[in-house]
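# Close look at the chain arrangement
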Amino acid sequence: MNPQAKLIFALSLTLGTTLTISSNHWIMAWTGLEINTLAILPLISKSHHPRAIEAATKYFLVQAAASALVLFSSMTNAWHTGQWDITQLSHPTSCLILTVALAMKLGLVPFHFWFPEVLQGSSLIVGLLLSTLMKFPPITLLYLTSPSLKPSILMTMAILSAALGGWMGLNQTQTRKILAFSSISHLGWMAIIIAYSPKLALLNFYLYTLMTAAVFLSLNSIKALKLSTLMTTWTKTPSLNAILLLTLLSLAGLPPLTGFLPKWLIIQELTKQEVALAATIIALLSLLGLFFYLRLAYCATITLPPHTTNHMKQWYNTKPTNTMVAVLTTMSLMLLPISPINLAVV
């Protein structure tokens, strides 16, 4: 793909995201979502591999259906209340339809089936965009409409997302699919808290984006698409592999790393809101995610291939690691001490 086309798609993604997160009117928000969808499709299908074309088709169909539901929800609300303002969503049917639409956009259970397949058909960089940037506009809409949405529906979807994201990631061997189920699991944590503390959900999303970007860029640097490839990369970039281990543990939410902060604050807030049972369930379900993060970390740093003679070793990489990877991994590991500032903001 030539640089001019890449620039146009990057600008379109920026425009679509900015339009959605800054709009007050439903039609403008919907326009931004559509621009985003149309800009990412060529990036998904640029390799012309049948799996990439299949991923782009699935993504288009799901996002088109979700956008139609967003439009239908806003029109129903405008028909009954005369309001096109995003924050004035008050009709119960509109609220229910919008919850379904945003769950489809984000990949929350039970509308998650498309996400692992689309991520598997994309490159690691496009997978990073799908897991982070493309989720920002729907999360913003969820943030703006959170007072109108039913907490019980969101909590049910959140617990199911945390459960399925953990269970289905256990037996995966492809790194992109593992990160897709990791994303579904993290979205469960955001969905469970957004009705009670929307700012905390956004903080969780920002920190998740930071850690996921660090993992995706690290895997892209060492070109690891499968666990078997990950086992042989210790000869190529030993220092990056060691840091990847810590970044994965941060994504799992282990203290004293950055990933522990949102989980700690969410469990604290849920306990304050007297939903300690939900807090206990989702905390226990995060152990499933911890298992497959540990497996990824184990493959990357501790284990050797079973038959070393049959595996081609990678040459040691003398090129310096990307500065962006260095900055993101440092932030993924060391932001817990600034938690008093975050508590003041939230």
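Computed from a prediction, not measured in an experiment: that's the story for all the values here. (Residues numbered from 1 in each chain as written. Predicted model: local features only at pLDDT ≥ 70, side-chain atom pairs only at ≥ 80, totals over all residues. Heavy atoms only, no water.)

## Regarding the UniProt feature "transmembrane region" (unreviewed entry) in the protein chain
In the numbering used here, UniProt assigns the feature "transmembrane region" (unreviewed entry) to residues 96-115, 124-146, 152-171, 178-197, 203-222, 243-265, 277-304 and 325-345. With 80% helix and 0% strand, the stretch residues 178-197 has end C-alpha atoms that lie 28 Å from each other. Between the C-alpha atoms that bound residues 203-222 there is a distance of 29 Å. The span itself is 95% helix and 0% strand. (UniProt positions renumbered as here; feature names shortened; annotations may be inferred. Helix = DSSP H or I, 4+ residues; strand = E, 2+ residues; numbered from the N terminus.)

## Notes on the domain arrangement of the protein chain
If you check the domain split of the protein chain, you get domain 1 (1-122) and domain 2 (150-345). Its C-alpha centre places domain 1 at a distance of 24 Å from the equivalent point of domain 2. Taken together, the contact between domain 1 and domain 2 spans 16 residues of the former and 19 residues of the latter. Around 1,500 Å² of area is buried between domain 1 and domain 2 when both sides are counted, 75% of it from carbon and sulfur atoms. It is L108, V109 and Q120 in domain 1 that bury the most area against domain 2; as a group they hold 39% of the surface buried on that side. Our enumeration of links across domain 1 and domain 2 arrives at 1 salt bridge. We note a salt bridge from E117 to K177, for which the minimum N-O separation is 3.4 Å. (Domains from an automatic or database assignment. Contact = heavy atoms within 4.5 Å. Buried area = accessible area lost by both parts, 1.4 Å probe. Salt bridge = Lys/Arg side-chain N within 4 Å of Asp/Glu carboxyl O.)

## Re the pattern of salt bridges
For the structure shown, the criterion picks out 2 salt bridges. We note a salt bridge from K58 to E54, for which the minimum N-O separation is 2.8 Å. Taken together, the residues span about one helical turn, with K58 and E54 both in helix α3 (residues 50-81) at a distance of 4 residues. Assessed through its relative accessible area of 28%, K58 is described here as partly exposed. (Buried < 20%, exposed > 50% of the residue type's maximum accessible area, 1.4 Å probe, protein only.)

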